[in-house]
Amino acid sequence: MTLANRLRNIAVPFVFGVAFLAFWEGAVKFFKLKPYFLAPPSKIISNFFSNASRIWDAASVSGMNALVGLIAGTVFGVAMSFILSRFRFLNSLITPLAIALNAVPIFVLVAVLNNMYSITSEIPRRIMVSLVVYFIVLVNVAKGLTQVKTTHLEIMRSYAASDIEILRKVRVPNAVPYLFTALKISAPAAVITSFVSEYFGGSQNGLGSRITSNIANSKNAAAWAYVLGACLLGLVFYIVSVVLENVASRGGGATDNTNK
Amino acid sequence: MSAVHVAGVSKIFNQGTPKQVDALVDVNLTVEPGEFVSLIGPSGCGKSTLLRLIANLLEPTTGVVRVNEKTAAQSRLDQDYGMAFQQAGLFDWRSVAKNIELPLELKGWDKEKRAARAQEMLELVKLPEFADLMPWQLSGGMQQRIAIARALAAHPPLLLMDEPFGALDEMTREYMQGELLRICAETKTTVVFVTHSIPEAVYLSDRVVVMSPRPGRITEVIDVNLGENRSEDTRAADNFFAGITAVREALRGTHADHANAGAIRGVEDR
Ligand SMILES: Nc1ncnc2c1ncn2[C@@H]1O[C@H](COP(=O)(O)OP(=O)(O)O)[C@@H](O)[C@H]1O
Ligand SMILES: [Mg+2]
């Protein structure tokens, strides 16, 4: 891609965004919309900066829940996928279940989890994020460990390779791109689950709960300022996942560290 | 001393079920050390099955398979053979050199020795400066040469190949045939080579084993030794065409025995 092309790729959405904000600002002024109905962007942005430290605190809470859940879910998901790939029977039992669970909004479980822990605990939300991430990682990594080319397996068997050697030299490297795909899907899902799980009670310290409480108090501009914070946090997780994906796909796959 | 000895072998898949397939019945074949033997026949006649039995990737239903005077299982454990398939089957996450080193890693060789042998093999297949490239950076013909280098890296006495040039264009294919003959002469490797191209079988082989399907079996073995110094001129020589005619006749013959079968399907006549 040339520099001119790249600039154009950035400039077009940027100009569109600015135009959209100008239109929003103008519409609020022109129709004299009440501030509790829809705040103008200028007010939202000034609110964002005057509340920056509080928004930062709330973002840290939601972000930490998402991060802890992402890491824990990935660790357990990878561990379980190894167990599944070892036992075909378990795999045929659990994989359809995991796929089905991915299709339903399991984050409502957080309401049940909230009852099991103290009202100020962050654990239910972190468990919830872990669960969502766990199933995504499990399904993808298990696929990577089992869907290995027949030719590769026959070549390994012709070299009298043991199951462990086949695992280390074929299955694991084959699964690495699948893990990064899972992380790319999981990172935004973790943030969203972290926000949404705040709507089911517990302490009112995260971005999700701040948005609801500000709306309840008719503080439209403040609510939008927190939404802006939520967008930025989501963007951070998304960028991290895209970077991870690029690292993974560099050189057409993972690098082999199995035999140093 | 024989390189491969197959005696009274049959292979029946899904025995006793409605899906039963008599892939091979009563197959006998002996390959001498240094010999180049091709297996030819229409699709489904059991060529790949016979090769996998020799490789001990499958167990025969009856009969015995011996490789290098040992059981097939023991020779697999001893890595007495290398194998190459229609798909090069290189590992995307390994560099070209690391792909060639794989069988040596599994044998427990140390790093310096592996790297030296990989370079030696790269020179053998005439791709010496490709060590650090990744497989997807190579053309199909180059990938197949790397696969051959990998199969021969541990200097096995026997090379088993299942339609290794089947996915290549005609020009590359003829070039690879010449290269394979040169490499096998240099390394004194015995080869069992599956193909469904008559000219390929005749050009490469000391003997061509003609097979026929339903049930899979050997119907004829044809001597077509074109001599040590085969070159591109050999492809225009009379004894080359004589060999092609002989193999073609043998393939027809198998079908005449089973009159209901029409044309020889799955065999390329080019
Ligand atoms: N694993 C298997 N299970 C059942 N049938 C098989 C299996 N492998 C091969 N066959 C059958 O055995 C016959 C011979 O197959 P194959 O050796 O692959 O033939 P070729 O390589 O000559 O085309 C075919 O009818 C094929 O469908
Ligand atoms: Mg075949």
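Note that the coordinates shown come from a computational prediction; the quantities given were computed from them, not determined experimentally. In this numbering scheme, every chain counts its residues from 1 along its sequence in written order. The order in which chains are written sets their letters, starting at A; the order in which ligands are written sets their numbers, starting at 1. Predicted model: local features are reported for residues with pLDDT of at least 70 only, side-chain atom pairs are reported and counted for 80 or more only, and whole-chain, interface and lining totals are derived from all residues. Hydrogens and water molecules were not included; the side-chain quantities draw on all heavy atoms of the structure.

Chemist: I'm lost on the environment of B:L152 in this one. Help?
Modeler: Residues and elements named next belong to chain B. Within the fold, L152 resides in helix 5 (residues 140–152). Categorising residues by exposure relies on relative accessible area from a 1.4 Å probe, with only protein chains included: less than 20% of the type maximum marks a residue as buried, more than 50% marks it as exposed, and the intermediate range marks it as partly exposed. Exposure remark for L152: the relative accessible area of 3% places this residue in the buried category. Sequence-wise, L152 and T189 are 37 residues apart; in three dimensions their C-alpha atoms are separated by 8.8 Å. Note on contacts: a residue pair qualifies if any of its non-hydrogen atoms lie within 4.5 Å across the two residues. Residues within four places of L152 in sequence aside, it is in contact with M121, L159, I183 and T189. Strands are runs of DSSP state E lasting at least 2 residues, helices are runs of H or I lasting at least 4, and numbering of each runs from the N terminus.

Chemist: Got a minute to help me understand the pairing of strand 4 (residues 62–67) of chain B in this structure?
Modeler: The side chains of a regular strand alternate, first on one face of the sheet and then on the other. Residue and element names in this part refer to chain B. DSSP bridges decide pairing: two strands pair if at least two such bridges lie between them. As defined by bridge partners, strand 1 (residues 4–13) adjoins strand 4 across five bridges and the pair is classed as antiparallel. Each residue of the ladder has a partner; that of A7, found in strand 4, is V64. Judged from the two bridges that link them, strand 4 and strand 5 (residues 70–71) form a sheet pairing that is antiparallel. Paired with V67 across the bridge in strand 5 is K70.

Chemist: Even after reading the chapter, I still don't get the sheet that holds strand 9 (residues 207–212) of chain B, so can you show me in this structure?
Modeler: All names here are of chain B. The strand order across the open sheet built from six strands is 6-7-8-3-9-10, with neighbouring strands paired in mixed fashion. Edge strands, defined here as strands with exactly one partner in the open sheet, are strand 6 (81–84) and strand 10 (217–223). For this sheet, the mean inter-axis angle between neighbouring strands, taken without regard to orientation, is 15°. Summarising the sheet, strand 7 (residues 158–162) and strand 8 (residues 190–194) pair through five bridges and their orientation is parallel. Following the sheet pairing, L160 is matched in strand 8 by V192. Here, axes are lines fitted to C-alpha atoms. For helices the fit covers the stretch in contact, and angles between N-to-C directions go from 0 to 180 degrees.

Chemist: Would you take a moment to explain the packing of aromatic side chains for this structure?
Modeler: Any two rings among Phe, Tyr and Trp, with Trp reduced to its six-membered ring, count as a pair given centres within 6.5 Å; such a pair is stacked if its planes are under 30 degrees apart, edge-to-face if over 60, and tilted if neither. Under the definition given, this model contains 10 aromatic pairs over all chains. Note on A:F48 and A:F49: the rings are 5.5 Å apart at their centroids and 85° apart in plane angle, and the pair reads as edge-to-face. For A:F49, a relative accessible area of 59% puts it in the exposed group. Summarising the aromatic geometry, the rings of B:F91 and B:W93 are spaced 5.6 Å apart at their centres and angled 55° between planes, so their arrangement reads as tilted. Looking at B:F91, the relative accessible area reads 0%, which means it is buried.

Chemist: What's the story with the domain arrangement of chain B in this structure? I'm lost.
Modeler: You'll often see interface size given as the accessible area lost when the parts meet. Residue and element names in this part refer to chain B. Marked domain ranges trace back to an automatic or database domain assignment. We note that the domain assignment places domain 1 (1–80 + 160–270) and domain 2 (91–155) within chain B. For domain 1 versus domain 2, the separation of C-alpha centres amounts to 26 Å. Contacts between the two partners involve 15 residues from domain 1 and, on the opposite side, 13 residues from domain 2. Two parts placed together each lose some accessible area; with a 1.4 Å probe, that loss summed over both constitutes the buried area. Carbon and sulfur atoms supply 67% of the area buried between domain 1 and domain 2, which totals about 1100 Å² over both sides. Among the residues domain 1 hides against domain 2, the three largest losses belong to Q79, M176 and I183. Together they make up 41% of the total.

Chemist: I would appreciate a short explanation of the sheet that holds strand 5 of chain B in the present structure.
Modeler: Two orientations exist for strands paired in a sheet by backbone hydrogen bonds: parallel and antiparallel. All names here are of chain B. The four strands are arranged 2-1-4-5 in an open sheet whose pairing can be described as antiparallel. The sheet is open, and its two edges are formed by strand 2 (21–31) and strand 5, each paired on a single side. Running over the sheet, helix 1 (residues 47–54) touches strand 1, strand 2 and strand 4 and is turned about 120° from strand 1.

Chemist: It is not clear to me how the packing of helix 1 (residues 3–30) of chain A against helix 2 (residues 41–50) of chain A should be interpreted in this structure. Could you clarify?
Modeler: Each pair of packed helices can be described by the angle between their axes along with the distance between the axes. All names here are of chain A. One way to put it is that helix 1 packs onto helix 2 with a least axis distance of 8 Å and a crossing angle of 105°. On the basis of their axis angle, the class for helix 1 and helix 2 is roughly perpendicular. Contacts between helix 1 and helix 2 pair L21, W24 and E25 from the former with P41, S42 and I44 from the latter. Residues belonging to the contact of helix 1 with helix 2 are distributed by class as follows: four nonpolar, one polar and one charged. For this classification, under 35 degrees means roughly parallel, over 145 means roughly antiparallel, 65 to 115 means roughly perpendicular, and everything else is oblique. Throughout, the ten residues Ala, Val, Leu, Ile, Met, Phe, Trp, Tyr, Cys and Pro are labelled nonpolar, Asp, Glu, Lys and Arg are labelled charged, and all others, Gly among them, are labelled polar.

Chemist: Where do I start with helix 1 of chain A in this structure?
Modeler: Because the α-helix completes a turn every 3.6 residues, residues three or four places apart line up on one side. Residue and element names in this part refer to chain A. Taking 1.5 Å per residue as the helical rise, helix 1 with its 28 residues ought to reach 40 Å, and the 40 Å between its terminal C-alpha atoms agrees with that figure. Within helix 1, the full set of buried residues consists of W24, E25, A27 and V28. Phi turns positive, to about 50°, at K32, one or two residues after helix 1. To estimate how far a helix should reach, multiply one less than its number of residues by 1.5 Å.

Chemist: Sorry if this is basic, but what is going on with the interface of chain B and chain A here?
Modeler: On the chain A side, the residues contacting the 26 residues of chain B number 23 residues. Summed over both partners, the interface of chain B with chain A buries about 2300 Å², with 57% contributed by carbon and sulfur atoms. By the criterion of area lost to chain A, the three top residues of chain B are B:L57, B:W93 and B:L106, representing 32% of everything that side buries. Each reported salt bridge corresponds to a side-chain nitrogen of Lys or Arg within 4 Å of a carboxyl oxygen of Asp or Glu. At the junction of chain B with chain A, the criterion picks out two salt bridges. Of the charged contacts in the structure, one is a salt bridge between B:E105 and A:K169, with a shortest N-O distance of 2.7 Å.

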